[in-house]
Structure formats: C-alpha cells, structure tokens
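Single-letter residue listing:
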Amino acid sequence: MPSGLVALLDDVSVIAKAAAASLDDVGVAAAKAGSKAAGVVIDDAAVTPSYVTNFTPDRELPIIAKIAKGSLFNKLVILLPAALVLSEFLPAAITPILMLGGLFLSFEGAEKMMEKLGGAKHGETLEDPIEDVAEFERQRTSGAIRTDLILSAEIMAIALGEVAETPLLERAVVLAIVGVIITVAVYGAVAFIVKMDDIGLALAKRSDALSKQVGRFLLWSMPHVMSLLSSVGTVAMLWVGGQIVVHGLHVLGLHGPSDVIHGAEHAVAEATGALGGLFGWLVNAGLSAVVGLVLGSIVAAGVHLLQKLGVLKSVSA
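Quick caveat: nothing in here was measured; it's all calculated off a predicted structure. (Residues numbered from 1 in each chain as written. Predicted model: local features only at pLDDT ≥ 70, side-chain atom pairs only at ≥ 80, totals over all residues. Heavy atoms only, no water.)

**Digging into a nonpolar patch on the surface**
Spelled out, the test is: Each patch groups residues whose relative accessible area exceeds 30% and which form no salt bridge, using 9 Å between like charges and 5 Å between nonpolar side chains of Val, Leu, Ile, Met, Phe, Trp and Tyr. Each accessible area is a Shrake-Rupley result for a 1.4 Å probe, and residues are judged covered by the shown protein chains and nothing else. The salt bridge criterion pairs a side-chain nitrogen of Lys or Arg with a carboxyl oxygen of Asp or Glu, the two atoms within 4 Å. Helix and strand definitions here come from DSSP, where helices need a minimum of 4 consecutive H or I residues and strands a minimum of 2 consecutive E residues; each element is numbered from the N-terminal end.
Together, Leu275, Leu278, Phe279, Trp281 and Leu282 make up a nonpolar patch on the protein surface, roughly 480 Å² of accessible area in all. As for its position among the elements, Leu282 is in helix α10 (residues 276-308).

Structural data, given as structure tokens:
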C-alpha cells in the first residue's frame, strides 16, 4: 500500500507539473496573440464611439453594454468555432473570407465618408426626425455589432496565426482568452470615453478651483473629442478594410499593392529619422485608407444601383 500510494502521488505530481506547464504555455500564447492584434483593437476602439454619438446620456452605457455583449457573441459563439473548424479542415478559406469582410468595412467607411462630404444619406441619422427611437437604437446597435464582427474576425485571425501550430484545445483556450480580454478592454475604454462629459460635470460642481477648471475643460472638449472619434472611426474602417484586402491579395500571390505600400512606408521611415516609425505607419495607414475608399466606393456604387433596381434593401448601418 505505501509503495502504491507513493507511486500514485508521483503520478499526480507529474500530471500537476504538466498541467502547470500547459497553463504557462496558454498564457504566453494568449499574450503573444493579443499583442499582435493590438492594432485592430485601436481601430475597434476608434470606430465604436461613433455609434453612440449624440444619444442621450442615459442611453450611452446601455448601448455600449449591448454592443459589448454582441461582440462577445461574435467572438466566442460565431468566430471561435468557425476559426477552429477552418484552421483544422479548410485553412485556405480564411483569407478570402477576411477579404470579403474587408470589403464590407470599406463599403461602410466609404458610405460614411460620402455622407460627411454632403452626399445622400442612406438610412436614418440622428439629424433626421426619428419616429421610433427604440427601433433606431436597435438599428444603430445592430450596425455596430455587424461592424464589430468584421473587426473581431480580423482580431481572431491574427490571434489564430500566432497559435496555428498548437494543439486544438490549447488553440481554443487562447482564442477565447484573447477574445474576452480584448472585448473588456475595448468597450471599457469606449465607456470611459463617452462618459467623460459626465465626469466633467461632476468635477465642475465641486468647490475647489482646480476641479472646476478640469471639469469645465472636459465639458468643453468632449463634444470635439467625440466628433473627432467619429471621424477617426470612419477613417479606421477604410484603413482596416484596405489593409485586410491588400494583405489578402499578398497572401494569394498578388504582391503589387502591398509592395507599393510597404515600399512607401520604408522610404518615409528611413527619411524621417527618429520619427520614422510614426511617419512610416501613417503612410501605410493613409495608403491603405485610400485603397479602402476606392474599393468601398466601387462597392457602394454597385449596392446603390442594385437598391434603385429593387434587388437589394438598404444595408447601411
């Protein structure tokens, strides 16, 4: 019995060490995959506030909560199983699917850009008389969740690329961890941004001079910040959509667009010295946004033509 118990404890010890090592591997893989997706996370955080701009303060957090729940559903219920299945049985399909998502993002960004430049508006906006506020909120939330699906797909694809060689179970755990952490980080940041005016109002009501000054500054600046974020969100749709398509073309063997963009990025980076990284990135993002705008405008023209012919109903967010 004693020898049997010792052998059992030894087996338990070995299993525990193996489990601990596996958890360490999962943690390292999740951190690595999450860091690779950081660029898209920034885009996601820039896009989302535009969907709650000009809503009454009491509806801002509930709307963000709905979008966050939809984002978790996108990542864990739709994208996670799809990513695992595709990575196991049809990895070649991942790139074309992502490119379709990039085209959709480009289309949404191009439509918003045309509206900002004075073009015809497609669907209700907050400037229009809204007959059913609840229905408008539902449509706006659905549009945000639909856009999040594309951005989340890119995040999950980047994460998947970092753990593609790991066992299936570990791959699933890593993608789930990345999905949850990124969702909490993005929508926590968005909630903080959109409630800064309320924070400013609370500070402005305090008795000390410093709090009053900070509060008044926040109250003055937040409408401008939200307007800026709305514009950044539109541009982010274009540059992310363009980057997805350009990268997909590169993966499929058409290197011309990516070579031009990366060539311009490296040339500017080398010419601008210490700030080369920043200016190189700006060139890459700008050229990708141009690609997204061109592609999105072409798709938008086709969609509007089909709508006029009665083939399609409105698909704008």
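There is more to say after this.
**A few points about α10**
Filter applied, for reference: To estimate the expected span of a helix, subtract one from its residue number and multiply by 1.5 Å. Between buried and exposed lies partly exposed: a residue is buried under 20% and exposed over 50% of the maximum accessible area for its type, with that area taken using a 1.4 Å probe on protein chains only. In this description, contact between two residues means that some pair of their heavy atoms is separated by no more than 4.5 Å.
For α10, with 33 residues, the first-to-last C-alpha span of 47 Å sits near the 48 Å given by 1.5 Å per residue. Of all the residues in α10, the buried ones are Gly276, Gly280, Asn284, Ala285, Ser288, Ala289, Gly292, Gly296, Ala300, Val303 and His304. The elements touched by buried residues of α10 are α4 (94-116), α8 (209-251) and α9 (256-271).

**Some thoughts on α8**
Basically, it comes down to this: A residue's bend is simply the angle between two axes: one fitted to the seven residues ending at it, one to the seven starting at it.
For α8, built from 43 residues, the straight-helix expectation of 63 Å at 1.5 Å per residue is met to within 8% by its first-to-last C-alpha distance of 58 Å. Along α8, the helix axis deviates most sharply at Ser221, where the bend reaches about 35°; the proline Pro223 sits within four residues downstream. Downstream of α8 by a residue or two, Gly253 has a phi angle that is positive, lying close to 105°.

**Re the packing of α8 against α10**
Just so we agree on the cut-off: Comment: axis = line fitted to C-alpha atoms, over the contacting stretch for helices; angle = value between 0 and 180 degrees taken between N-to-C directions. An angle below 35 degrees is read as roughly parallel, one above 145 as roughly antiparallel, one from 65 to 115 as roughly perpendicular, and any other as oblique. Residues are grouped as follows: nonpolar covers Ala, Val, Leu, Ile, Met, Phe, Trp, Tyr, Cys and Pro; charged covers Asp, Glu, Lys and Arg; every other residue, Gly included, is treated as polar.
Packing of α8 against α10 leaves a shortest axis separation of 7 Å and a crossing angle of 85°. Classified by the angle their axes make, α8 and α10 are roughly perpendicular. Between α8, through Leu238, Trp239, Gly242, Gln243, Val245 and Val246, and α10, the contact on the second element is made entirely by Trp281, Asn284, Ala285, Ser288, Ala289, Val291, Gly292, Leu293 and Leu295. Split by residue class, the contact of α8 with α10 holds 10 nonpolar, 5 polar and no charged.

**Quick notes on the pattern of salt bridges**
Applying the stated criterion to the full structure yields 4 salt bridges. The partner of Glu88 in a salt bridge is Arg171, with the nearest N and O atoms 3.0 Å apart. Of this pair, Glu88 sits in helix α3 (residues 57-89) while Arg171 is found in helix α6 (residues 168-194), placing the two residues 83 residues apart along the sequence.

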